[in-house]
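Here's the letter readout for the chains.
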Amino acid sequence: MCIRDSIKAVRFHIYGDQLTLPVYKLNSGDRLELHFDDIEANVKNYYYTLQLCDYNWDRVNISPFNYLKGFTQQRITTYRYSSISFTQYTHYQVVLPEKNMMPILSGNYLLKVFLDGDTSKLVFTKRLLVADNKALIKAQIVQPFASKIFRTHQKLVFTTTLSGINSFSPAQQVKVVILQNGRWDNVQKDIVPTFVRGNNLEYNTENSGIFGGGKEWRWLDLRSLRFQSDRIDSGTYNKTNTELFLKTDIDRSDQRYVYYRDLNGFYNVETFERINPYWQGDYATVHFNLAPPNNQPYTNNDIYLIGQLTNYELSNKTKMMFNPQKGVYQTSLFLKQGYYSYSYLTVNKNNSADKKELEGDYWETENTYTILIYYKSF
């Protein structure tokens, strides 16, 4: 979650792989990367800390010294000014965990970045998962039983075997979270096991672990700003900035499913024109257009642009506004060079829980699922 408008292109992932969730295995040699840009283009004293949270991502009220080894905050000392690019910015990066601050308990953590060693000057937060492998999971994706969603949804059937845990009542002490494509906005949790056999838990209830299949994600190639890719209609190039106008998207809910390789909502910071995209990659203002059926606005629905490029946030920054003269929804984002995947989401104005993507759902769609097992003793 970004708070300050000057912070752009926040990337937090396993070292060397931008298409991963930030998961650190306890007491291992795993490394994570954090990258971000400050377009105010000066040097600031950024610090970070780790905050332990519970299963619901609420703060755990214990001393940081009980879950961190070493200091409770670290200064980010690695930074570099942008070069070559029209947009001036300062790029900051850090490899975690550092020897001076190491998590010693598994669980949910919030990575908090703040200014001048003052935690009240919060800049942004990112989720971090610290895992202690004590559960063996076997899972498969099947078609749901219900005839209404048999061809549109995907169901996860899985079992977990706990080891090295004194579990008096696994059904009460163990909680499950399922993520589709690394998303936290449509997470499924509090799933009750169907059968419990000692430390073996089986999850195969009729109404849980079911996700809409969706379609393969829409794409946008910004790895070169001069060479306009297939999704770009036109561009405006000035001495200090670049504007790109995308071809108009349409509602795909009635289209048939076609497979192609996508990034499942993630994006990569990369460029064809420079050596290091992190401090040499440029920025562009990208204009998105979506044409609704018959060029008429959706009744009682707001439209949002979603994906990792917007952090799946539903805010005024990601909300699309209807242009009655052109009959399309429009919004703009300031994006760094890279390869992006994105989608559109409708949200009922009278019921924010009523959400639907403008893609249609198909059982055949390729998706990535992550199953997280949480254990807490009595």
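Reading the values: the criteria
Residues numbered from 1 in each chain as written. Predicted model: local features only at pLDDT ≥ 70, side-chain atom pairs only at ≥ 80, totals over all residues. Heavy atoms only, no water. Pairing = 2+ DSSP bridges. Helix = DSSP H or I, 4+ residues; strand = E, 2+ residues; numbered from the N terminus. Axes fitted to C-alpha atoms, helices over the stretch in contact; angles between N-to-C directions. Buried < 20%, exposed > 50% of the residue type's maximum accessible area, 1.4 Å probe, protein only.

Visitor: It is not clear to me how the sheet that holds strand 7 (residues 78-81) should be interpreted in this structure. Could you clarify?
Guide: Pairing within the open sheet is antiparallel, and its 4 strands lie in the order 1-3-8-7. With one partner strand each, in any of the chains shown, strand 1 (7-14) and strand 7 form the two edges of the open sheet. Averaged over all pairs of adjacent strands, the angle between their axes in this sheet comes to 15°, without regard to strand direction. The pairing of strand 7 with strand 8 (residues 90-96) spans 4 bridges and is antiparallel. Residue Thr-78 lies in a different strand from strand 8, and its bridge partner there is Gln-93.

Visitor: It is not clear to me how the pairing of strand 11 (residues 122-131) should be interpreted in this structure. Could you clarify?
Guide: Consecutive residues of a regular strand have side chains that alternate between opposite faces of the sheet. With 7 of 10 residues buried, strand 11 is to be regarded as a mostly interior element. Bridge count between strand 2 (residues 23-25) and strand 11: 3 bridges; the pairing is parallel. Paired with Tyr-24 across the strands is Val-130, a residue of strand 11. Strand direction decides the pairing type here: strand 10 (residues 107-115) and strand 11, joined by 8 bridges, are antiparallel. Each bridged residue has a counterpart across the sheet, and for Val-113 the counterpart in strand 11 is Phe-124. Hairpin remark: strand 10 followed by strand 11, antiparallel, with 6 residues in the connecting loop; positive phi at Asp-116, about 55°.

By themselves, these observations are geometric and do not establish any function.
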